[in-house]
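So you can see what is in the structure, the chains are spelled out below.
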Amino acid sequence: MSNDIVLVGAGCMGAALLPGLFKGFQKSRILVVDTSPLRREKVAAMGVDVASAIDNIDGGATVVLALPPNSFSGFASSTLALKGHAGLVISVMAGVRIATIKHALQICNVVRAIPNTPAETLKSMTVFCAATSVSLLCLEFAERVLSLFGEAIRVESENLMDPATAICGGGPAYISYFAECMRCFAVEQGFNDDESALIVAQVLCGTGSLLSVGDRRPMQLCRDVMTPGGTTARAVEVLDRNNFKEVVGDALLKATIHSRSLGCMVEEAENERSHR
Ligand SMILES: NC(=O)C1=CN([C@@H]2O[C@H](COP(=O)(O)OP(=O)(O)OC[C@H]3O[C@@H](n4cnc5c(N)ncnc54)[C@H](O)[C@@H]3O)[C@@H](O)[C@H]2O)C=CC1
Ligand SMILES: O=C(O)[C@@H]1CCC=N1
(Lines give C-alpha, C1' and ligand atoms only; values in the text may rest on other atoms or scores of the structure.)
(Ligands and ions follow the chains in the order given, each with its own letter.)
Protein backbone atom coordinates (compact mmCIF):
# COMPACT_ATOMS: atom_id res chain seq x y z
CA MET A 1 0.00 0.00 0.00
CA SER A 2 1.34 3.47 -0.89
CA ASN A 3 0.55 6.70 0.89
CA ASP A 4 -1.26 8.22 -2.07
CA ILE A 5 -4.89 9.20 -1.61
CA VAL A 6 -7.21 9.91 -4.51
CA LEU A 7 -10.55 11.52 -3.66
CA VAL A 8 -13.07 11.34 -6.49
CA GLY A 9 -15.77 13.99 -6.09
CA ALA A 10 -15.19 17.11 -4.03
CA GLY A 11 -18.81 18.10 -3.51
CA CYS A 12 -20.49 18.61 -0.14
CA MET A 13 -19.45 15.20 1.20
CA GLY A 14 -16.09 14.82 -0.53
CA ALA A 15 -14.95 18.28 0.57
CA ALA A 16 -16.03 17.51 4.15
CA LEU A 17 -13.62 14.56 4.12
CA LEU A 18 -10.63 16.75 3.28
CA PRO A 19 -9.81 18.00 6.82
CA GLY A 20 -9.59 14.39 8.04
CA LEU A 21 -7.46 13.40 5.07
CA PHE A 22 -5.16 16.40 5.66
CA LYS A 23 -4.80 15.38 9.30
CA GLY A 24 -4.05 11.75 8.56
CA PHE A 25 -1.99 12.09 5.42
CA GLN A 26 0.22 15.11 6.00
CA LYS A 27 3.15 13.48 4.28
CA SER A 28 1.20 11.89 1.46
CA ARG A 29 0.10 13.02 -1.94
CA ILE A 30 -3.59 13.81 -1.99
CA LEU A 31 -5.13 14.12 -5.43
CA VAL A 32 -8.69 15.37 -5.81
CA VAL A 33 -10.50 14.38 -8.98
CA ASP A 34 -13.63 16.27 -9.95
CA THR A 35 -15.28 16.92 -13.29
CA SER A 36 -16.42 20.38 -12.18
CA PRO A 37 -13.87 23.16 -12.89
CA LEU A 38 -15.41 25.22 -10.08
CA ARG A 39 -14.94 22.44 -7.53
CA ARG A 40 -11.37 21.86 -8.73
CA GLU A 41 -10.62 25.56 -8.39
CA LYS A 42 -11.90 25.59 -4.78
CA VAL A 43 -9.77 22.59 -3.82
CA ALA A 44 -6.69 23.82 -5.68
CA ALA A 45 -6.92 27.03 -3.63
CA MET A 46 -6.24 24.85 -0.55
CA GLY A 47 -2.95 23.78 -2.14
CA VAL A 48 -4.18 20.32 -3.13
CA ASP A 49 -3.42 18.68 -6.49
CA VAL A 50 -6.49 18.42 -8.69
CA ALA A 51 -7.43 16.64 -11.91
CA SER A 52 -10.57 16.16 -13.99
CA ALA A 53 -10.01 12.41 -14.35
CA ILE A 54 -7.72 9.61 -13.16
CA ASP A 55 -5.22 8.99 -15.95
CA ASN A 56 -2.85 6.82 -13.99
CA ILE A 57 -2.63 5.76 -10.38
CA ASP A 58 -0.14 4.10 -8.06
CA GLY A 59 -1.29 0.49 -7.59
CA GLY A 60 -1.27 0.87 -3.81
CA ALA A 61 -3.10 4.19 -3.63
CA THR A 62 -6.28 4.49 -1.57
CA VAL A 63 -9.22 5.76 -3.59
CA VAL A 64 -12.26 7.41 -1.99
CA LEU A 65 -15.32 7.51 -4.23
CA ALA A 66 -17.52 10.48 -3.29
CA LEU A 67 -19.25 11.06 -6.60
CA PRO A 68 -23.02 10.82 -7.11
CA PRO A 69 -24.36 7.25 -7.36
CA ASN A 70 -25.78 7.90 -10.82
CA SER A 71 -22.37 9.02 -12.11
CA PHE A 72 -20.65 5.86 -10.95
CA SER A 73 -21.29 3.63 -13.94
CA GLY A 74 -20.02 6.24 -16.42
CA PHE A 75 -17.04 6.93 -14.18
CA ALA A 76 -16.18 3.23 -13.90
CA SER A 77 -16.37 2.63 -17.63
CA SER A 78 -14.24 5.65 -18.49
CA THR A 79 -11.61 5.18 -15.78
CA LEU A 80 -9.44 2.41 -17.17
CA ALA A 81 -6.60 3.27 -14.79
CA LEU A 82 -8.71 1.95 -11.88
CA LYS A 83 -9.49 -1.42 -13.48
CA GLY A 84 -8.02 -4.16 -11.33
CA HIS A 85 -6.73 -1.62 -8.79
CA ALA A 86 -4.92 -3.49 -6.01
CA GLY A 87 -5.21 -0.80 -3.33
CA LEU A 88 -8.14 0.05 -1.11
CA VAL A 89 -11.26 1.63 -2.60
CA ILE A 90 -13.63 3.27 -0.11
CA SER A 91 -17.01 4.25 -1.50
CA VAL A 92 -19.19 6.73 0.36
CA MET A 93 -21.88 6.62 -2.34
CA ALA A 94 -25.40 6.10 -1.05
CA GLY A 95 -26.96 2.82 -2.08
CA VAL A 96 -24.23 1.56 -4.37
CA ARG A 97 -23.52 -2.02 -3.39
CA ILE A 98 -20.12 -3.54 -2.79
CA ALA A 99 -20.72 -6.20 -5.47
CA THR A 100 -21.52 -3.51 -8.04
CA ILE A 101 -18.29 -1.65 -7.33
CA LYS A 102 -16.24 -4.85 -7.36
CA HIS A 103 -17.75 -5.87 -10.67
CA ALA A 104 -17.50 -2.47 -12.32
CA LEU A 105 -13.85 -1.93 -11.39
CA GLN A 106 -12.81 -5.59 -11.23
CA ILE A 107 -11.34 -5.12 -7.76
CA CYS A 108 -11.40 -6.93 -4.39
CA ASN A 109 -10.53 -4.35 -1.78
CA VAL A 110 -13.80 -2.47 -1.49
CA VAL A 111 -15.22 -0.85 1.63
CA ARG A 112 -18.65 0.79 1.54
CA ALA A 113 -18.97 3.59 4.05
CA ILE A 114 -21.52 6.20 5.01
CA PRO A 115 -19.97 9.19 6.73
CA ASN A 116 -21.76 12.48 7.29
CA THR A 117 -20.98 16.16 6.80
CA PRO A 118 -19.77 16.75 10.41
CA ALA A 119 -16.61 15.08 9.04
CA GLU A 120 -15.73 18.68 8.20
CA THR A 121 -15.07 19.23 11.93
CA LEU A 122 -13.79 15.65 12.44
CA LYS A 123 -17.12 14.71 14.06
CA SER A 124 -18.51 12.33 11.49
CA MET A 125 -20.50 9.28 12.46
CA THR A 126 -19.43 6.74 9.87
CA VAL A 127 -20.87 3.27 9.40
CA PHE A 128 -18.97 0.94 7.10
CA CYS A 129 -19.05 -2.55 5.71
CA ALA A 130 -16.23 -4.41 3.99
CA ALA A 131 -16.31 -6.84 1.11
CA THR A 132 -15.44 -10.34 2.28
CA SER A 133 -12.63 -10.19 -0.29
CA VAL A 134 -10.89 -7.26 1.42
CA SER A 135 -7.37 -8.05 2.62
CA LEU A 136 -6.73 -7.73 6.34
CA LEU A 137 -4.20 -5.00 5.63
CA CYS A 138 -6.74 -2.98 3.62
CA LEU A 139 -9.44 -3.51 6.23
CA GLU A 140 -7.22 -2.21 9.03
CA PHE A 141 -6.19 0.71 6.88
CA ALA A 142 -9.84 1.49 6.05
CA GLU A 143 -10.66 1.56 9.77
CA ARG A 144 -7.82 4.01 10.33
CA VAL A 145 -8.85 6.24 7.44
CA LEU A 146 -12.52 6.33 8.43
CA SER A 147 -11.63 7.06 12.06
CA LEU A 148 -9.86 10.21 10.89
CA PHE A 149 -13.29 11.74 10.21
CA GLY A 150 -14.75 11.03 13.67
CA GLU A 151 -16.39 7.89 15.05
CA ALA A 152 -16.54 4.84 12.79
CA ILE A 153 -18.25 1.51 13.32
CA ARG A 154 -18.11 -1.58 11.14
CA VAL A 155 -21.17 -3.70 10.40
CA GLU A 156 -21.08 -7.23 9.00
CA SER A 157 -24.39 -7.05 7.15
CA GLU A 158 -24.44 -4.81 4.09
CA ASN A 159 -28.24 -4.57 4.50
CA LEU A 160 -27.62 -2.19 7.39
CA MET A 161 -25.91 0.28 5.08
CA ASP A 162 -29.25 1.53 3.73
CA PRO A 163 -30.75 2.46 7.13
CA ALA A 164 -27.30 3.81 8.06
CA THR A 165 -27.52 6.05 5.00
CA ALA A 166 -30.90 7.30 6.17
CA ILE A 167 -29.97 7.78 9.83
CA CYS A 168 -26.35 8.72 9.72
CA GLY A 169 -25.70 10.11 6.23
CA GLY A 170 -28.93 12.11 6.22
CA GLY A 171 -29.03 12.76 9.98
CA PRO A 172 -27.37 16.18 9.90
CA ALA A 173 -30.06 17.32 7.45
CA TYR A 174 -32.97 16.48 9.77
CA ILE A 175 -31.25 17.98 12.80
CA SER A 176 -30.43 21.11 10.81
CA TYR A 177 -34.05 21.27 9.60
CA PHE A 178 -35.20 21.13 13.22
CA ALA A 179 -32.59 23.75 14.14
CA GLU A 180 -33.89 26.03 11.40
CA CYS A 181 -37.45 25.69 12.75
CA MET A 182 -36.25 26.64 16.25
CA ARG A 183 -34.18 29.54 14.87
CA CYS A 184 -37.16 30.91 12.93
CA PHE A 185 -39.29 30.77 16.08
CA ALA A 186 -36.57 32.57 18.07
CA VAL A 187 -36.42 35.35 15.46
CA GLU A 188 -40.24 35.62 15.37
CA GLN A 189 -40.20 36.06 19.13
CA GLY A 190 -37.72 38.95 18.96
CA PHE A 191 -34.21 37.50 19.26
CA ASN A 192 -31.84 38.83 16.64
CA ASP A 193 -30.12 36.55 14.10
CA ASP A 194 -26.88 36.16 16.06
CA GLU A 195 -28.67 35.46 19.32
CA SER A 196 -30.98 32.95 17.63
CA ALA A 197 -28.07 31.17 15.96
CA LEU A 198 -26.14 30.95 19.25
CA ILE A 199 -29.15 29.76 21.24
CA VAL A 200 -30.00 26.97 18.80
CA ALA A 201 -26.40 25.85 18.23
CA GLN A 202 -25.70 25.70 21.96
CA VAL A 203 -28.95 23.84 22.70
CA LEU A 204 -28.05 21.22 20.09
CA CYS A 205 -24.38 20.95 21.11
CA GLY A 206 -25.29 20.78 24.80
CA THR A 207 -27.88 18.08 24.19
CA GLY A 208 -25.39 16.25 21.96
CA SER A 209 -22.89 16.30 24.80
CA LEU A 210 -25.45 14.68 27.15
CA LEU A 211 -26.40 12.12 24.51
CA SER A 212 -22.78 11.22 23.92
CA VAL A 213 -22.23 10.49 27.63
CA GLY A 214 -24.61 7.63 26.87
CA ASP A 215 -25.76 6.87 30.42
CA ARG A 216 -29.38 7.80 29.73
CA ARG A 217 -31.60 7.04 26.76
CA PRO A 218 -32.76 10.02 24.71
CA MET A 219 -36.30 9.70 26.08
CA GLN A 220 -34.92 9.84 29.64
CA LEU A 221 -33.09 13.05 28.76
CA CYS A 222 -36.41 14.32 27.41
CA ARG A 223 -38.25 13.38 30.62
CA ASP A 224 -35.54 15.05 32.71
CA VAL A 225 -36.50 18.34 31.06
CA MET A 226 -40.25 17.82 31.39
CA THR A 227 -40.85 19.21 34.86
CA PRO A 228 -44.29 17.85 35.92
CA GLY A 229 -46.95 20.37 34.98
CA GLY A 230 -44.31 22.54 33.33
CA THR A 231 -43.73 24.18 29.98
CA THR A 232 -41.86 21.45 28.08
CA ALA A 233 -44.61 18.90 28.68
CA ARG A 234 -46.96 21.26 26.81
CA ALA A 235 -44.60 21.32 23.83
CA VAL A 236 -43.98 17.55 23.84
CA GLU A 237 -47.76 16.96 23.94
CA VAL A 238 -47.98 18.80 20.62
CA LEU A 239 -45.23 16.63 19.14
CA ASP A 240 -47.00 13.48 20.39
CA ARG A 241 -50.39 14.63 19.12
CA ASN A 242 -48.85 15.17 15.69
CA ASN A 243 -47.24 11.72 15.72
CA PHE A 244 -43.73 13.11 15.60
CA LYS A 245 -42.19 9.67 16.19
CA GLU A 246 -44.15 8.18 13.28
CA VAL A 247 -43.27 11.14 11.05
CA VAL A 248 -39.57 10.65 11.78
CA GLY A 249 -39.89 6.87 11.28
CA ASP A 250 -41.67 7.39 7.93
CA ALA A 251 -39.03 9.84 6.77
CA LEU A 252 -36.20 7.47 7.66
CA LEU A 253 -37.97 4.55 6.00
CA LYS A 254 -38.43 6.55 2.76
CA ALA A 255 -34.73 7.38 2.73
CA THR A 256 -33.78 3.74 3.46
CA ILE A 257 -35.97 2.48 0.63
CA HIS A 258 -34.53 5.05 -1.75
CA SER A 259 -30.99 4.01 -0.83
CA ARG A 260 -31.90 0.41 -1.79
CA SER A 261 -33.45 1.50 -5.06
CA LEU A 262 -30.40 3.64 -5.89
CA GLY A 263 -28.36 0.47 -5.39
CA CYS A 264 -30.63 -1.42 -7.83
CA MET A 265 -30.52 1.41 -10.39
CA VAL A 266 -26.73 1.59 -10.35
CA GLU A 267 -26.49 -2.20 -10.60
CA GLU A 268 -28.85 -2.22 -13.60
CA ALA A 269 -26.88 0.56 -15.30
CA GLU A 270 -23.70 -1.39 -14.66
CA ASN A 271 -25.18 -4.66 -15.99
CA GLU A 272 -26.41 -2.92 -19.14
CA ARG A 273 -23.01 -1.36 -19.68
CA SER A 274 -21.13 -4.62 -19.21
CA HIS A 275 -23.43 -6.51 -21.65
CA ARG A 276 -23.00 -3.88 -24.36
N1 LIG B 1 -23.91 14.98 1.23
C2 LIG B 1 -23.89 14.11 2.25
O3 LIG B 1 -24.14 14.47 3.42
C4 LIG B 1 -23.56 12.68 2.00
C5 LIG B 1 -23.31 12.20 0.72
N6 LIG B 1 -22.96 10.90 0.53
C7 LIG B 1 -22.63 10.44 -0.81
O8 LIG B 1 -21.51 11.18 -1.26
C9 LIG B 1 -21.57 11.32 -2.67
C10 LIG B 1 -21.46 12.79 -3.03
O11 LIG B 1 -22.58 13.47 -2.51
P12 LIG B 1 -22.57 15.06 -2.38
O13 LIG B 1 -21.20 15.50 -2.02
O14 LIG B 1 -23.72 15.42 -1.54
O15 LIG B 1 -22.87 15.48 -3.89
P16 LIG B 1 -22.37 16.77 -4.66
O17 LIG B 1 -23.21 16.89 -5.87
O18 LIG B 1 -22.24 17.93 -3.72
O19 LIG B 1 -20.88 16.38 -5.11
C20 LIG B 1 -20.60 15.42 -6.08
C21 LIG B 1 -19.29 15.82 -6.74
O22 LIG B 1 -18.91 14.78 -7.62
C23 LIG B 1 -18.43 15.38 -8.82
N24 LIG B 1 -18.53 14.41 -9.90
C25 LIG B 1 -19.63 14.00 -10.58
N26 LIG B 1 -19.29 13.07 -11.50
C27 LIG B 1 -17.96 12.88 -11.39
C28 LIG B 1 -17.02 12.05 -12.07
N29 LIG B 1 -17.40 11.22 -13.04
N30 LIG B 1 -15.72 12.14 -11.71
C31 LIG B 1 -15.32 12.99 -10.73
N32 LIG B 1 -16.17 13.80 -10.05
C33 LIG B 1 -17.47 13.73 -10.37
C34 LIG B 1 -19.30 16.62 -9.01
O35 LIG B 1 -18.69 17.56 -9.88
C36 LIG B 1 -19.43 17.11 -7.57
O37 LIG B 1 -18.39 18.01 -7.23
C38 LIG B 1 -22.89 10.70 -3.12
O39 LIG B 1 -22.63 9.42 -3.61
C40 LIG B 1 -23.72 10.64 -1.85
O41 LIG B 1 -24.61 9.57 -1.87
C42 LIG B 1 -22.83 10.02 1.57
C43 LIG B 1 -23.07 10.42 2.84
C44 LIG B 1 -23.50 11.77 3.17
O1 LIG C 1 -29.15 12.53 0.31
C2 LIG C 1 -28.34 11.70 -0.10
O3 LIG C 1 -28.65 10.90 -0.99
C4 LIG C 1 -26.97 11.63 0.53
C5 LIG C 1 -26.74 10.30 1.17
C6 LIG C 1 -26.94 10.52 2.61
C7 LIG C 1 -26.90 11.95 2.76
N8 LIG C 1 -26.87 12.55 1.62
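See the structure printed just above.
Attention here is on the structure that accompanies the text.

So, how was this worked out
- Residues numbered from 1 in each chain as written.
- Chains lettered and ligands numbered in written order.
- Predicted model: local features only at pLDDT ≥ 70, side-chain atom pairs only at ≥ 80, totals over all residues.
- Heavy atoms only, no water.
- Near = heavy atom within 4 Å.
- Polar contact = N/O pair within 3.5 Å; in protein donor to acceptor, adjacent residues only side chain to side chain.
- Areas by Shrake-Rupley, 256 points an atom, 1.4 Å probe, with all protein chains shown as cover.
- Helix = DSSP H or I, 4+ residues; strand = E, 2+ residues; numbered from the N terminus.
- Buried < 20%, exposed > 50% of the residue type's maximum accessible area, 1.4 Å probe, protein only.
- Salt bridge = Lys/Arg side-chain N within 4 Å of Asp/Glu carboxyl O.

**Some words on the site of ligand 1**
- Neighbouring ligand 1 are 24 residues; M13, D34, R39, L67 and A94 lie closest to it.
- The side chain of R39 places a nitrogen or oxygen atom 2.8 Å from an oxygen atom of ligand 1.
- Between ligand 1 and L67 there is a distance of 2.7 Å, counted from an oxygen atom to a backbone nitrogen or oxygen.
- When the free accessible area of ligand 1 is taken as 830 Å², the share hidden by the protein chains comes to 78%.

**So, the site of ligand 2**
- Taken together, A94, T165, G169 and G170 make up all the residues around ligand 2.
- If ligand 2 stood free it would expose 240 Å²; the protein chains cover 41% of that surface.

**Considering unusual backbone geometry**
- Of note, the phi angle at Q106 is positive, near 55°, even though the residue is not glycine.
- Here Q106 is to be found in the loop between α4 (98-105) and β6 (110-114).
- Here the phi dihedral of N243 falls at roughly 50°; this positive angle occurs in a residue that is not glycine.
- With respect to the element layout, N243 can be found in the loop between α10 (231-241) and α11 (244-275).
- Looking at N243, the relative accessible area reads 41%, which means it is partly exposed.

**Points about the pattern of salt bridges**
- For the structure shown, the criterion picks out eleven salt bridges.
- Salt-bridge contacts for D215 lead to R216; the nearest nitrogen and oxygen are separated by 3.5 Å.
- Residue classification places D215 among the exposed residues on the basis of a relative accessible area of 55%.
- Given the relative accessible area of 34%, R216 is considered partly exposed.
- The partner of R273 in a salt bridge is E270, with the nearest N and O atoms 2.4 Å apart. Taken together, the residues span about one helical turn, with R273 and E270 both in helix α11 at a distance of three residues.
- Overall, E270 belongs to the buried group, its relative accessible area being 1%.

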